[in-house]
Amino acid sequence: MTDIVNRLVTAGRALRSAAAHEVPEALREVLRAQYDAESADLRLADYGATVLLPVSPVPYGAGPEPEPLPVGAGAPGRAYGAQEPHVERLDGGRVRAHLPVTVRGDRLGVLSVTLPAEAAGPGPLAELAEVARLLGHELVVAERDTDRYLQARRTDRLTLAAEMQWQLLPARSCAQDAYALGAQLQPAYAIHGDNFDWSASADHLMVYVTNGMGEGIEASLLTGLGINALRNARRAGIPIADQAALADQAIHAHYRGEAHLSVLLVDIELSTGRAQVVDAGSPRMLLLRDRVLTAVDLEAQLPLGMFEETDYVAQEFALEPGDRLLFVSDGVHAVPGPGGEIYGDRALARAVNSAALLPAAEVPAAVLRELSGHRGRPEPDDDALVVCLDWFGKPPASPSGAP
């Protein structure tokens, strides 16, 4: 046990002391010295959540660049999808361990390590999985000081509007004992105004789904103003109805009613599952309970910024353990097919039911793939956003003195 602790301490120290752009190289040296690793390669999921892209070595040029790998295929894809280590047996008594790199439920990518066969037992594999988790946390910190990992996630150049939108986002997924969240945007490299946000405290989870009007940079600027106004109000401890009112005032003060922002705000009390909801526009909330998908009946209120000093009212909604909530923008539920037929509730229900066994982090991408089939082409004309929330309920507190 002491040896394991010492190796993990050494790995953590090496990652923390490395320059931000050299974190993978620092880890590679630790793995070689402490675990007799022959190689260690990091791949990150791209913005579209379709492929795992290699983080190129520094310095560049040592041999051909590895090819992108689909997230749903191959050994790294299996580790990424299952969120479990996956081991390949190689020639010469070696193995290749593929380890998910995940931070608080946010799936960043996969670390692949080539090792002697004896290093693939349950104990060493669990230790290496912990090293991969340490790597994930350090990558999140390192992104503040380098563009290397953001660049590595791109199969194409982002539009300026998309760059602005992705910088606003919290993550693509997260998970705690009471819930799991996943979200995805299309077109990932050219998104305009759709957005999602969430924040958790000891008592509450708040989720915002935004459907911004307009195109290009103007849509991103509008959404950026709205999201930051909501965050400013949220961080002041203000209830969601008042958050909406303050964001409404900020948008109206700037645009004078010429632009508005559709947003759905949800505040869930973690101990009970009771939710407060403000429906201020076109994003829709759907509930999957006992295998039946229904639209949650909410009072439609004005989008933010349409009129000066609009009042907003929160509605009550109760979640039960096992519930799945889907939030979709109008670029999903109102998208036309090649013949003009609207996607609609029935097709959306089929897509949601076909993804019923997937974890929340994978549901949005699965629904958007089904939507692409209806649309008849891979890239949408309008932004498409899906957020999935799985509600497990908060476990009861252990009795005093219980282990």
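Here's a quick rundown of the structure. Since we're looking at a predicted model, the values are computed, not measured.

**Examining the packing of helix H1 (residues 2–17) against helix H4 (residues 122–142)**
Contact geometry of H1 with H4 gives a least axis separation of 10 Å together with a crossing angle of 20°. It follows from the interaxial angle that H1 and H4 lie roughly parallel. Remark: the crossing between H1 and H4 carries right-handed chirality. Facing H1, whose interface residues are Ile4, Arg7, Leu8, Gly12, Leu15 and Arg16, H4 presents Glu127, Glu130, Val131, Leu134, Leu135 and Glu138. Its residues assigned to classes, the contact of H1 with H4 comprises six nonpolar, one polar and five charged.

**Comments concerning the side chain of His98**
Take His98: it is sitting in strand E5 (residues 94–103). Polar side-chain contacts of His98 include one of 2.7 Å to the side chain of Glu88. With residues up to four places along the chain from it excluded, the contact list for His98 reads Ala75, Pro76, Ala79, Glu84, Pro85, His86, Glu88, Val110, Leu111 and Ser112.

**Observations concerning the nonpolar core**
Formed by 39 residues in total, the largest nonpolar core has its most connected members in Met285 and Phe327. In this view, Met285 contacts Leu264, Val266, Val277, Thr294, Ala295, Val296, Leu298, Phe317, Leu325, Leu326 and Phe327; residues no more than four positions away in its chain are not counted. Listed in part, the 31 residues of the second largest apolar core include Leu15, Tyr35, Leu139 and Ala152.

**Topic: the environment of Gly224**
Structurally, Gly224 can be placed in helix H7 (residues 216–235). When the C-alpha positions of Gly224 and Asn195 are compared, they lie 9.1 Å apart, and in sequence the two are 29 residues distant.

**Focus on helix H2 (residues 23–35)**
Across its 13 residues, H2 extends 17 Å between first and last C-alpha, which sits within 8% of the 18 Å expected from 1.5 Å per residue. Taken together, the buried positions of H2 are Val23, Pro24, Glu25, Ala26, Leu27, Arg28, Val30, Leu31 and Tyr35. Looking at the buried positions of H2, the neighbouring elements they touch are H1, strand E1 (39–45), strand E6 (106–116), H4 and helix H5 (148–152). Count one or two residues on from H2 and you reach Asp36, which has phi positive near 55°.

**Details of the environment of Leu134**
Among the secondary structure elements, Leu134 is positioned in helix H4. The exposure class of Leu134 is partly exposed, given its relative accessible area of 25%. In the structure, Leu134 is positioned 31 residues away from Val103 in sequence and 8.7 Å away in space, judged by C-alpha atoms.

**Structural notes on the pairing of strand E2 (residues 51–54)**
Burial along E2 is two-sided: Val51 and Leu53 and Leu52 and Pro54, pointing in opposite directions, are all buried. Direction of pairing for E1 relative to E2: antiparallel, over a ladder of three bridges. Looking at E2, one finds that Arg43 is bridged to Pro54. Between the antiparallel neighbours E1 and E2 lie five residues, among them Ala49 with a positive phi of about 55°. Pairing between E2 and strand E3 (residues 69–70): two bridges, direction antiparallel.

**Quick notes on the sheet that holds strand E13 (residues 284–289)**
What the six strands build is an open sheet, ordered E7-E8-E17-E16-E13-E14; its pairing is antiparallel. Looking at the sheet topology across the chains shown, the edges are occupied by strand E7 (173–175) and strand E14 (292–295). Direction aside, neighbouring strands of the sheet carry axes that sit 15° apart on average. Here strand E8 (residues 179–186) pairs with strand E17 (residues 384–391) via eight bridges, running antiparallel. Note that in E17 the partner of Leu181 across the bridge is Leu389. Running at roughly 50° to E13, helix H10 (residues 344–354) makes contact with E13, E14 and strand E16 (324–328) of the sheet.

**Examining a nonpolar patch on the surface**
On the surface, a cluster of nonpolar side chains totalling about 260 Å² of accessible area is made up of Leu160, Ile217 and Leu221. Here Ile217 lies in helix H7.

What counts and how
- Sequence order as written defines residue numbering, which begins from 1 separately in each chain.
- Reporting of local features is limited, given that this is a predicted model, to residues whose pLDDT is at least 70; pairs of side-chain atoms are given and counted only at 80 or more, and all residues count toward the totals for whole chains, interfaces and linings.
- Excluded from the side-chain calculations are hydrogens and water; all other atoms, namely the structure's heavy atoms, are used.
- Here, axes are lines fitted to C-alpha atoms. For helices the fit covers the stretch in contact, and angles between N-to-C directions go from 0 to 180 degrees.
- Strands here are runs of E lasting at least two residues and helices are runs of H or I lasting at least four, both read from the DSSP assignment and numbered beginning at the N terminus.
- Each angle gets one of four labels, with under 35 degrees taken as roughly parallel, over 145 as roughly antiparallel, 65 to 115 as roughly perpendicular, and the rest as oblique.
- Whether a crossing is left-handed or right-handed is set by the direction in which the near helix is turned from the far one by less than a right angle, anticlockwise for left-handed and clockwise for right-handed.
- Here, residues are in contact when the closest pair of their heavy atoms is within 4.5 Å.
- Polar here means any residue other than Ala, Val, Leu, Ile, Met, Phe, Trp, Tyr, Cys and Pro, which are nonpolar, and Asp, Glu, Lys and Arg, which are charged; Gly is therefore polar.
- N or O atoms within 3.5 Å of each other form a polar contact, as long as, within protein, one can give a hydrogen and the other can take it, and as long as residues adjacent in sequence are counted only when both atoms are side-chain atoms.
- Only buried Ala, Val, Leu, Ile, Met, Phe, Trp, Tyr and Cys residues count toward a nonpolar core, and they belong to the same one when joined by side-chain atoms within 4.5 Å.
- Think of it in three bands: with a 1.4 Å probe and only protein chains considered, a residue is buried below 20% of the maximum accessible area for its type, exposed above 50%, and partly exposed in between.
- A helix's residues, less one, multiplied by 1.5 Å, set its expected span.
- Two strands qualify as a pair provided that DSSP identifies no fewer than 2 bridges between them.
- Note that patches include only residues with greater than 30% relative accessible area and no salt bridge, and the join distances are 9 Å for like charges and 5 Å for nonpolar side chains (Val, Leu, Ile, Met, Phe, Trp, Tyr).
- Computed with a 1.4 Å probe, the accessible areas rest on the Shrake-Rupley method; for each residue, only the protein chains presented here act as cover.
- Salt bridge, as used here: a side-chain nitrogen of Lys or Arg that lies within 4 Å of a carboxyl oxygen of Asp or Glu.

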